[in-house]
Amino acid sequence: MEPLSSCISALLLRTVDVTAGLCGRYERSYTHLAHTIPLRSTCRCWGLSRTRQLPCATTSLRTHTLSGEIICLSLVWRCGSPGGYQEWLSLEGQARSKIILTPNALILLAFSTGSKSVCEHLLLKNQLVKTRIIRPSIIGPSACVPFEGWAGPRPSTLIAAGCLYVRYPYLLWCLGCQPVPVVPVDVVCRFILSQAFWQSGHSHLERGGAEPPSEVIKVDEEKKETSLSDIVIEGEGQSTRPHANIANAAWDISSPPVSSFSWASYITALVHIGAASGRLHRSIASLTGLFLPIELLPRLRLRHEAFRRLHLAFVRLPLEAMLGLSDQLPWLMPGMLRDLKDLSAAIELPVLFFLFTNCGFYFESDLVAPPDFDGEQYMFSCAVAAHRFVDRMEQRRSHCPSRYPNLNLREHGLRVLNEKGLQRYSSIVVGGTNEVERCSDLWWALTQPRGNLAIRLGGWILAKVFRRTARSIEVDIASFEALAKARSDPLQSAPSCVVFAPTHRSFFDFLIVSYVCFSLPELGLDLPYIAAASEFASIPVIGWLAQKSGAFFLKRGGLETDHSKLKERLSNAIEFQQDTTFFEFFIEGKRSRNRVFVKPKTGFLRCLAEIDGKKIVLPLTINYEGLPDERSLVHEANSGCGEKMSLLRLANWLFHVFSGRVDIGRVHVSASKPMMVPDSCGRDIRALAHTIQSCHQSRVMVSNFHIGATMAALDLPKNIVCEALLELGCPIWPECGIDESSVQAVDCRDMNWAAMLQFGHLFGPFMVKSHPIWSSWLCPNIRSVNRNTTTLTATNAVLSKLIQHFERAEQDVDEVLKNLRSKGFHAPTRKHIIQYLPDDGPVPMFVMQVAVEAKLAAADSQKTYGCSNEDVMSVGVEPRFLSQVAGVSNGKLHRNDTTEAFGAWGYQDSYFVLNVKPNGSKFVTMKGTRYSISGKPLMGLVGFIEEELNVAIDPSSQTFPACQVLQNVPGSELGDEDISEIIALLGGDIGRVSLRSIDRARHGTGHTQEDMYDLRTCIFRSRLPDAVVWPQTETEVRALVSLAIRNNWCLIPFGGGTNVTHSTHCPNKATDPRPMISVDMKLMCRILWVNEEDGLAHVEAGITGAELIQSMAKLGFTIGHEPDSYEFSTLGGWIATKASGMKQNKYGNIEDIIKEVYIVGTGGPISHKHKTEKTSVGRSSIGVEMKSLILGSEGCCGIIVRAVLKIWPIASSKSYESVILPDFDAGLKFMKDISKMRSMKPASVRLLDNEQFRLGQALKESPPAFQSLRTFASKRIGYFMSFSDKLVVCVTMAFEGTSDEVKMQKKHIRNLASTHGGILAGSTNGRAGYDLTFTIAYLRDFALNYNILGESFETFAPWSKVADVIAATKNRIVSEHKRRALPGTPFVCCRITQLYDDGACIYFYFCMQTSGVAEPSSTFSAIEKSARQVILDNGGSLSHHHGVGKLRSSFVEQIYSQGYIDSVIAVKKALDPTNTFGARNGIFSQG
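Residues numbered from 1 in each chain as written. Predicted model: local features only at pLDDT ≥ 70, side-chain atom pairs only at ≥ 80, totals over all residues. Heavy atoms only, no water.

K.L.:
Could you give an account of the nonpolar core, naming the residues involved and the relevant values?
P.N.:
Soluble globular proteins tend to bury their nonpolar side chains together. Counting residues in each nonpolar core, the largest one holds 106 residues, and the members touching the most others are Trp777 and Ile1392. Ranked by residues supplied to this core, first place goes to helix α30 (residues 793-822) with 11 residues. Excluding residues within four positions of it along the chain, Trp777 makes contact with Asn594, Val596, Phe597, Leu757, Phe806, Phe846, Val847 and Val850. Core analysis: the next-biggest nonpolar cluster, separate from the first, contains 85 residues, Tyr907, Val924, Ala1106 and Trp1134 among them. (Core = buried A, V, L, I, M, F, W, Y, C linked by side-chain atoms within 4.5 Å. Buried < 20%, exposed > 50% of the residue type's maximum accessible area, 1.4 Å probe, protein only. Helix = DSSP H or I, 4+ residues; strand = E, 2+ residues; numbered from the N terminus. Contact = heavy atoms within 4.5 Å.)

This is how it looks when you write it as structure tokens:
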């Protein structure tokens, strides 16, 4: 009865106005039960002493009214106490001694059902006291006051039964289907008060009191079953005092049937809630909690005695036996011992409850339940109250947070009891660490009533994940009540579908909604068909699970055909489902990266509106404290680029989850009122979308975490933030404790801002007039506010801070725009502006992006706030020249060669092309079949480029359109007579001389970025040759040289045209006005002889590396020289540039391989003389060596026609390996130690820095799911070895030699790797790194299609300077890029290739975005030149193997003395007095 007295006290302390304000949904129905309480009433509460010996407990309350004193007594008989009746007699004396009666006193007594007759009998003995007896039936929790489900500090009869049932589900009960004679405690209290104040007499009625209720006139109580109140106690007489009135506080038998519920339903609700919260296991509870007590035992029609014996045999005796055993072995399972002792105190309650639960009690009373009183809902409140009591008991025992957190007052005025009443909180926990620990999550998932195998597997995984990431996932059960009523309304047809429309803040959203439906079948919600983004379909495992779980995939920004397909899918799903079909979609489309509400989309709703039938939309608000992917979301918001979901990324996130590094605090799920979907499109749909979002906003909750984040973001005190939230009426997250912080705050400006924007929509309406841009950003469905803001002191303080930050963002954007315009960028792009915004200020980047969008919109930009055009559907572009250059293949000249590409690197049939999948994802493929990656989808390349360069690649853009013919090429200055002379010396072969523009353009350029840019734009900044000649013999070369001398022509030798130094460019006319002729040597490609014994081969200089390697391989030999360009470069070009190959460690550079060189100069052939044939003298000491004059001469001393070179037998064993090292410093030390291995060095060793290593990973085909997981496992191993994705480097190696040599070399490498903290990464990665050399060159031309310029350059640096050269070069490029305010981020990477005892070759790659740059190629060249200067300043060389050419000739004076320059030029003049070979490359540019 304590809830009764507590409730009476609460009601007496309030006026009827306060009471009415606290009423819930049944307020109007109960007004006829309440009577006015005078405002001058006072009360004092006191109680009788309670001892263990007494069989009852009493509480009393005394109050003074205008007409006298009223004394209320409430008594509870302790059932089962021995000698109960005799002790009641002694209790009467105590009561009389405690209660001092006044002449006009009224005793009002309310008894529990089990003590009615005894108490009434005692009262009849006193003839002097005016007594009114109120007989309540079983008292249950409140229906309204102080809130629905309130049950006081101690459980009443009904709640006690529920507690026992939940706490010990294995007890033996027998429960019938009879209705429970329960009445809410607040109804009883109102009834008691009405009886008390009716006694105040006519004077009270004259003051406006209510008429006495008719039910107090009744004295007799009729029952259809015998109860304890009919017991007649021997020795006591009956009394019929006229002044003793008895009233029944119970629902009358005529009350609506819907106002009651059965014991079986009550127990079923207890089981379902227990199973949903995890306290009861569904399978066990179904057997012991439902089948036995509800189905089996009632069918046996047991009498009370039979049930008592059954209970004795199966429950009491086994329990006593176990208690006896536990007394003997107290150390055995102490927790179980404690439970058994607790159980023994209440073991007989199922027997005592037998009469209540198996007999029907029907009362006659004038208390008729209101027609809108829902017995099923009230039953649910009773069941929840029972679980709350159990939870409190467990909390006191284990000191753990409650799973059903009660509302508590918070500091700084964050009260939940205010002038509007008490907030109702009816949530249960379905996941997280605060959920009841199950014995097995897998068993729980398998025993859920619904779901296929995939769904159960997903439920099991999610249960694990939620427990690792969240403190609690709470579901507001009461908020789903409106949906249940809408579905079960008998006056309306059942809906054909129900659509869940949750907020979208995390990828957890759709998982949580499905998990709630799966774990709470009591809600009656089937698992929904999820409208997921199409990118999920391509993820291995995840896509399969999603499809099996009922997901279907949508393409964002779809076309009309996609709309039709969606409509068809929805219709098919509705027709397939016999009952209501459930769907789930996100009204905002994409996730909000910063928790700001996004403008709602209407595509899904429009499809739904076109389908016949009744459709209901249920807005769901999912409140998070922290987000599981908040860091990545904030990064995406700042960068403007979304990260693609992948299995590897998911595995990496799961690793963080199970490592305990993900903590999102609490999650709360609640539903708004369901809405009908109109049958028409247009404004109704748009209005519905905005209404759904308004419902989302109305249920946004704020916790201490969000308050702390706001304090940090805006530098405000806590009381200001809290008061502002109270002023705006923002719901406060129910706390488990006053000072408890559910999730740890983060020291991150951007994440604090994102957490603050959880409730940012509340401030949007206040900025409609002053700052409309920010207002619409904070609250897309903005509505003007007509509130007087002068009284909102705290709100104005927060608004002021927000506006200060917003205005600061606008100022920063204006300053950046001003700076960019001063640099020549008058129409900068969004990304370009964002790139130069300050990132160290108080405003996060994603906020400043809103100001950027506003500025661009003001400049007539077709953009949307916060969005980028990422949904464009297109095909890959292939800007290529359609005309073909003349070329040589198989020793023959072809006018339109189909082998080599023009205007791009490599073969015509091999190039990268961008593709777009139907779901919008971009990937790259390489055409052709020549390389290992050809034809394979490279899913990560586009994302890598976009992330590293901070660009967005638009598949529909075409930097350079396809060209049919080359344009803007000046005509040749050679006359017809000149051409005739050339044809004559070629034996009349007119096909071996060309004046075509495309041939002259090809031979007047190389492969620098300037060359490719000129060819693509058809704007030539260098002079082109006047003719191209293909000599076939040495005799023709001599004749051509003689003709050039006679006609004063300049000859420029041409090999493969792969130079990157402008060495084939013609000198400008101001420097040399003579006609220029390019001499293409590729027809001179014969192998003259091979001396296998001496290991020598005599080869013509025009042969390409690929042809030479193939020819030697047929003979079983290798030349050992494989530069990156060997497929197209020639032997003569290697000699002229002093080239170096990848396998230099084993075979040496070109100066080590070449034994003799033969050239044709202006004075005739320059060569060695031999007395014998088909051999070479070898090493000799005979003065200045001739080849030293020719190596590196770059075509300025004559035309190289042939050479003798060393060859080796093909190695019997070849192998590859790779080593992963923690950082570049470790890699550098590793390479330095390898350089000291002498003959044990691998043939090729390359150290890739982190940037180039990640580029290589992006150039790999997307692996299958298993391999992705293996890669993930490898990364995790590396993580535990202190490897970081942003620091790790890779060394790739190629081994050649005998089997023993290779084994020995690998052994040394393993030992060395271990010494430097590295791990072997396998031969596959080693081979991939080797092959990367040949495919990476194609990337430059692919990037050029999308306004990205790139180039490579190399140097040699001593070991003591390598690190300095690399760091200084990268820093200079970045600083120069920033100084010019260029768009995007420069990408600079490097690798260390050829190793020497004293140093190594460093190969740099540099690329940058050029969108909007006025002169992109020239700007790029200026930055590269600056980097070259830094290399020289820090101890690097001008070139390691590319040569100098004209591109780097300006640096010659920095590396040679003037005396040396003059000497070399003098030698040049002696060899070529007419300067016929006037290419002016390298040192010869000074002459």
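K.L.:
Which residues make up helix α17 (residues 453-469), and what are the values?
P.N.:
A rise of 1.5 Å per residue sets the reference length of α17, with its 17 residues, at 24 Å; its end C-alpha atoms lie 24 Å apart and thus fit the reference within 8%. Within α17, burial applies to Ala454, Ile455, Arg456, Gly458, Gly459, Leu462, Ala463, Val465, Phe466, Arg467 and Thr469. At the N-terminal boundary of α17, the capping side chain belongs to Asn452, with an oxygen 3.2 Å from the backbone nitrogen of Ala454. (Expected span 1.5 Å × (residues − 1). Polar contact = N/O pair within 3.5 Å; in protein donor to acceptor, adjacent residues only side chain to side chain.)

K.L.:
Report on the packing of helix α27 (residues 718-728) against α30, specifying residues and quantitative values.
P.N.:
Where α27 contacts α30, the axes come no closer than 7 Å and their chain directions differ by 115°. On the basis of the axis angle, α27 is roughly perpendicular to α30. Remark: the crossing between α27 and α30 carries left-handed chirality. Between α27, through Ile720, Glu723, Ala724, Glu727 and Leu728, and α30, the contact on the second element is made entirely by Thr793, Ala794, Thr795, Ala797 and Val798. (Axes fitted to C-alpha atoms, helices over the stretch in contact; angles between N-to-C directions. Parallel < 35°, antiparallel > 145°, perpendicular 65-115°, else oblique. Left-handed = near helix turned anticlockwise from the far one by under 90°.)

K.L.:
How would you explain the sheet that holds strand β29 (residues 1096-1100) if you had to name every residue and give the values?
P.N.:
Strand order in the open sheet formed by five strands is β28-β29-β33-β31-β32, and the pairing between neighbours is antiparallel. Whereas interior strands pair on both sides, the edge strands pair on one side only; in this sheet they are β28 (1087-1091) and β32 (1164-1166). For this sheet the average axis-to-axis angle between neighbouring strands, irrespective of direction, equals 10°. Across four bridges, β28 lies against β29 in antiparallel orientation. Considered in β29, the bridge of Asn1091 is made with Leu1096. Strands in contact with helix α38 (residues 1105-1114) are β28, β29 and β33 (1199-1206); relative to β28, the strand with the most contacts, it is inclined by about 40°. (Pairing = 2+ DSSP bridges.)

K.L.:
Mind laying out the sheet that holds strand β24 (residues 993-994), listing which residues take part and the relevant values?
P.N.:
As summarised here, the arrangement of the four strands in space is β24-β25-β27-β26, forming an open sheet in which the pairing is mixed. In this open sheet, the two edge strands, each paired with only one partner strand, are β24 and β26 (1050-1054). In terms of strand pairing, β26 meets strand β27 (residues 1076-1080) through five bridges, oriented parallel. Residue pairing in the sheet places Ile1052 in a bridge with Ser1078 of β27.

K.L.:
Let's hear about the side chain of Arg1254: which residues, and what values?
P.N.:
Structurally, Arg1254 can be placed in helix α44 (residues 1250-1258). Ignoring any residue separated from it by four or fewer positions in sequence, one finds Arg1254 in contact with Phe944, Glu948, Asp1285 and Lys1286.

K.L.:
Account for the pattern of salt bridges, with residues named and values stated.
P.N.:
Within the structure shown, the criterion is met by 45 salt bridges. Between Arg749 and Asp839 there is a salt bridge; the shortest N-O distance is 3.2 Å. Here the residue Arg749 occupies a position in helix α28 (residues 749-756), and Asp839 occupies one in the loop between α31 (830-835) and α32 (845-858), the gap between them amounting to 90 residues. Judged by relative accessible area, which is 22%, Arg749 ranks as partly exposed. We note a salt bridge from Lys1143 to Glu1122, for which the minimum N-O separation is 3.4 Å. Placement of the pair is Lys1143 in the loop between α39 (1131-1137) and α40 (1144-1147) and Glu1122 in the loop between β30 (1117-1118) and α39, with a sequence separation of 21 residues. Through salt bridges that share partners, Glu435, Asp441, Lys464 and Arg467 make up one connected network. (Salt bridge = Lys/Arg side-chain N within 4 Å of Asp/Glu carboxyl O.)

K.L.:
I'd like a description of the environment of Ser670, backed by residues and values.
P.N.:
Mapped onto the fold, Ser670 is located in strand β18 (residues 665-671). Separated by 29 residues in the primary sequence, Ser670 and Arg699 place their C-alpha atoms 7.5 Å from one another.

K.L.:
Account for the packing of helix α34 (residues 976-985) against helix α37 (residues 1034-1047), with residues named and values stated.
P.N.:
With their axes 9 Å apart at the nearest point, α34 and α37 run at an angle of 155° to one another. Considering their axes alone, α34 and α37 lie roughly antiparallel with respect to each other. Like other packed secondary-structure pairs, α34 and α37 cross with a definite hand, here right-handed. Here Asp978, Glu981, Ile982 and Leu985 of α34 come into contact with α37, specifically with Glu1036, Ala1039, Leu1040, Leu1043, Arg1046 and Asn1047. Its residues placed into classes, the contact of α34 with α37 shows five nonpolar, one polar and four charged. (Nonpolar A, V, L, I, M, F, W, Y, C, P; charged D, E, K, R; others polar.)

K.L.:
Give a detailed account of the pairing of strand β31 (residues 1154-1161), specifying residues and quantitative values.
P.N.:
With seven of eight residues buried, β31 lies mostly within the body of the structure. Across six bridges, β31 lies against β33 in antiparallel orientation. Paired with Tyr1158 across the bridge in β33 is Arg1202. Where β31 meets β32, three bridges bridge the pair, whose relative direction is antiparallel.

K.L.:
Mind laying out the packing of aromatic side chains, listing which residues take part and the relevant values?
P.N.:
Applying the stated criterion to the full structure yields 33 aromatic pairs. For the ring pair Trp263 and Tyr266, a centre distance of 6.5 Å and an interplane angle of 65° mean the geometry is edge-to-face. On the criterion of helical spacing, the pair formed by Trp263 and Tyr266 is a turn pair, its members being three residues apart in helix α9 (residues 263-277). With respect to burial, Trp263 and Tyr266 carry one shared label: buried. Each residue in the set Trp251, Phe261, Trp263, Tyr266, Phe373 and Tyr378 is aromatic and connected to the rest through ring pairs, giving one cluster. The ring of Phe597 carries Arg505 above its face, with NZ or CZ at 4.4 Å from the centroid. When the ring centre of Tyr1403 is taken as origin, the NZ or CZ atom of Arg1391, which lies over that ring, is 4.6 Å away. (Phe/Tyr/Trp six-rings, centres within 6.5 Å; stacked < 30°, edge-to-face > 60°. Lys NZ or Arg CZ within 6 Å of the ring centre and 35° of its normal.)

K.L.:
Account for unusual backbone geometry, with residues named and values stated.
P.N.:
One non-glycine residue, Arg301, lies in the positive phi region at around 50°. Within the element layout of this structure, Arg301 appears in the loop between α10 (282-299) and α11 (304-328). Residue classification places Arg301 among the exposed positions, given a relative accessible area of 74%. Notably, His1062 is not glycine yet its phi reads approximately 65°, a positive angle. Along the chain, His1062 falls in the loop between β26 and β27.

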